[in-house]
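# Residue-level structural notes
The lines below spell out each chain.
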Amino acid sequence: RVLDLLHRVKYEQDGSLTFRRSCAHGVCGSDAMLINGRNRLACKLRIEQLGKRRITVAPLPGLPVIKDLVVDMDGFFDKFKSVQPYLVTESPAPERERLQSAEEHARYEDTTKCILCAACYSECNSLAADPEFVGPAAFAWGYRFAADERDGQRKNRAKLYSGDHGVWDCTRCMYCNERCPKGVDPRDAIEKLGGIAFNEGVSWADAGARHAKAFLISMRTG
């Protein structure tokens, strides 16, 4: 794996080489980096997958570099926290747990696989245009709770996610779906959040929202 090569460089050639890694099994997301021009996890990418090409590694683009392959993730995690990535309920706490059906869980199961590696975030075209854009990973987590029947904040979440720098600012480039190493498809989650906003009667005077609404009207009437 690319991670094994980085270890060899650090242990045998240059002990000052700095990079993040933890589980080494594609679960923690800490070793995401730009490998041969594309964001990937060093622990999941095997050398034979790159053929006989020269291997290049670089820090995740679009994020401040601290040292070598280590980037500052504070801004990424601040945006993650801004979507309230936790269950907010209005009913009293049950004796044991809040149950849901398998069908209810299946609606958002893919988004629970996000490991917050920022591979999608750092190559997001919307972020390149607007550094305040919340980002695909955070919205994937937002949908995970907005789609959960046990959460009591669906309308409030729709308002939160539809505001400035929200879901309607997505450029629909699909890079986040392509870059995600876990198959989360954040763009799909962003689209579903837009649908939730419409269903909850949350409108926004944004070009993206008006564009989507025009399509919706066209489909219903034509």
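One can find the structure itself at the top, above this paragraph.
Now for a description of the structure that goes with this document. (Residues numbered from 1 in each chain as written. Predicted model: local features only at pLDDT ≥ 70, side-chain atom pairs only at ≥ 80, totals over all residues. Heavy atoms only, no water.)

## A closer look at the overall build of the protein
Heads up, the rule is: Here a helix means four or more residues in a row that DSSP labels H or I, a strand means two or more in a row labelled E, and each is numbered from the N terminus. We call a residue buried when its accessible area falls under 20% of the maximum for its residue type, exposed when it is over 50%, and partly exposed in between, using a 1.4 Å probe and counting protein chains only. For the area figures, the Shrake-Rupley method with a 1.4 Å probe applies, and any residue is considered shielded solely by the protein chains shown. When charges are tallied, Lys and Arg are placed among the positive residues and Asp and Glu among the negative ones, while His and the ends of the chain are skipped. Here the site of a charge means NZ on Lys, CZ on Arg, CG on Asp, or CD on Glu.
Counting secondary structure elements, the protein contains nine helices and five strands. Mapped from its N terminus to its C terminus, the protein presents α and β elements in the order α-β-β-β-β-β-α-α-α-α-α-α-α-α. Taken over the C-alpha atoms alone, the protein extends approximately 65 × 45 × 30 Å along its principal axes. Sorting the 222 residues of the protein into buried and exposed places 42% on the buried side. With the model as given, the accessible surface of the protein reaches about 12300 Å², and the carbon-plus-sulfur share is 51%. Charged side chains in the protein number 33 positive and 30 negative. The centres of these two groups are separated by 4 Å.

## Here's the deal with the pattern of salt bridges
Where we set the bar: Counted as salt bridges are all cases of a side-chain nitrogen of Lys or Arg within 4 Å of a carboxyl oxygen of Asp or Glu.
Following the criterion strictly, the structure yields eleven salt bridges and no others. Its salt-bridge partner being Asp148, residue Arg144 comes within 2.9 Å of it at the nearest N-O pair. Assessed through its relative accessible area of 15%, Arg144 is described here as buried. With a closest N to O distance of 2.8 Å, Asp148 and Arg150 form a salt bridge. Judged by its relative accessible area of 0%, Asp148 is buried. A relative accessible area of 23% places Arg150 in the partly exposed class.

## With respect to helix α8 (residues 186–199)
Operational definition: Every helix has an expected span of 1.5 Å times one less than the residues it contains. Residues are treated as being in contact if the distance between any of their heavy atoms lies within 4.5 Å.
Over its 14 residues, α8 extends 20 Å from the first C-alpha to the last, a length consistent with the 20 Å expected when each residue adds 1.5 Å. Elements in contact with the buried residues of α8: α5 (136–146), α6 (154–162) and α7 (175–179). Two residues or fewer after α8 comes Gly201, characterised by a positive phi angle close to 75 degrees.

## A few points about unusual backbone geometry
Its identity as a non-glycine residue notwithstanding, Ala24 has a phi of 65 degrees, on the positive side. Here Ala24 shows up in the loop between α1 (2–13) and β1 (32–35). With a relative accessible area of 17%, Ala24 lands in the buried category.

## Quick notes on the pairing of strand β2 (residues 38–41)
So the rule is basically this: Note on pairing: DSSP must find at least two bridges between two strands before they are called paired.
Burial along β2 is one-sided: the face carrying Asn39 and Leu41 is buried and the face carrying Arg38 and Arg40 is not. Sheet analysis places β1 next to β2, joined by four bridges and oriented antiparallel. Residue pairing across strands places Met33 opposite Arg40, the latter belonging to β2.

## Focus on the state of the cysteines
Put plainly, a disulfide is one covalent bond tying together the sulfur atoms of two cysteines. Short version of the rule: Any pair of cysteine sulfurs within 2.5 Å is marked as a disulfide.
Scanning all chains against the criterion turns up zero disulfides. Lacking any disulfide linkage, Cys124 is separated from the closest cysteine sulfur, that of Cys173, by 6.0 Å. With relative accessibility at 12%, the residue Cys124 sits in the buried group. Cys117 provides the cysteine sulfur closest to Cys180, a residue in no disulfide bond, and the two sulfurs are 6.4 Å apart.

## Observations concerning the packing of α6 against α8
Basically, it comes down to this: Every axis in this analysis is a line fitted to C-alpha atoms, fitted for helices over the stretch in contact. Angles between the N-to-C directions lie between 0 and 180 degrees. The labels follow the angle: roughly parallel below 35 degrees, roughly antiparallel above 145, roughly perpendicular from 65 to 115, and oblique for the rest. By the definition used in this description, the sense in which the near helix is turned from the far one sets the handedness, with an anticlockwise turn below a right angle giving left-handed and a clockwise turn giving right-handed. Here the term charged refers only to Asp, Glu, Lys and Arg, the term nonpolar to Ala, Val, Leu, Ile, Met, Phe, Trp, Tyr, Cys and Pro, and the term polar to all other amino acids, Gly among them.
Following both chains from N to C, one finds α6 and α8 inclined at 120 degrees, their axes separated by 9 Å at the closest point. Considered as vectors, α6 and α8 are oriented oblique to each other. The crossing of α6 and α8 is left-handed. Counting all contacts with α6, which are made through Arg154, Ala158, Tyr161 and Ser162, the residues of α8 involved are Leu193, Ile196 and Ala197. Of the residues contributing to the contact of α6 with α8, the split by class is five nonpolar, one polar and one charged.

## Describing the packing of aromatic side chains
To keep things clear, this is the line we draw: Classification of ring pairs rests on two measures: the distance between centres of Phe, Tyr or Trp rings, Trp counted by its six-membered ring, which must be within 6.5 Å, and the angle between planes, read as stacked under 30 degrees, edge-to-face over 60 and tilted in between.
One pass over the structure, following the stated rule, counts seven aromatic pairs. Their ring planes at 70 degrees and their centres at 5.0 Å tell us that Phe76 and Tyr121 sit as a pair that is edge-to-face. Taken together, the positions of Phe76 in helix α2 (residues 74–82) and Tyr121 in the loop between α3 (102–106) and α4 (125–129) put the pair 45 residues apart, joining distant regions of the chain. Tyr121 shares its class with Phe76; the two are buried.

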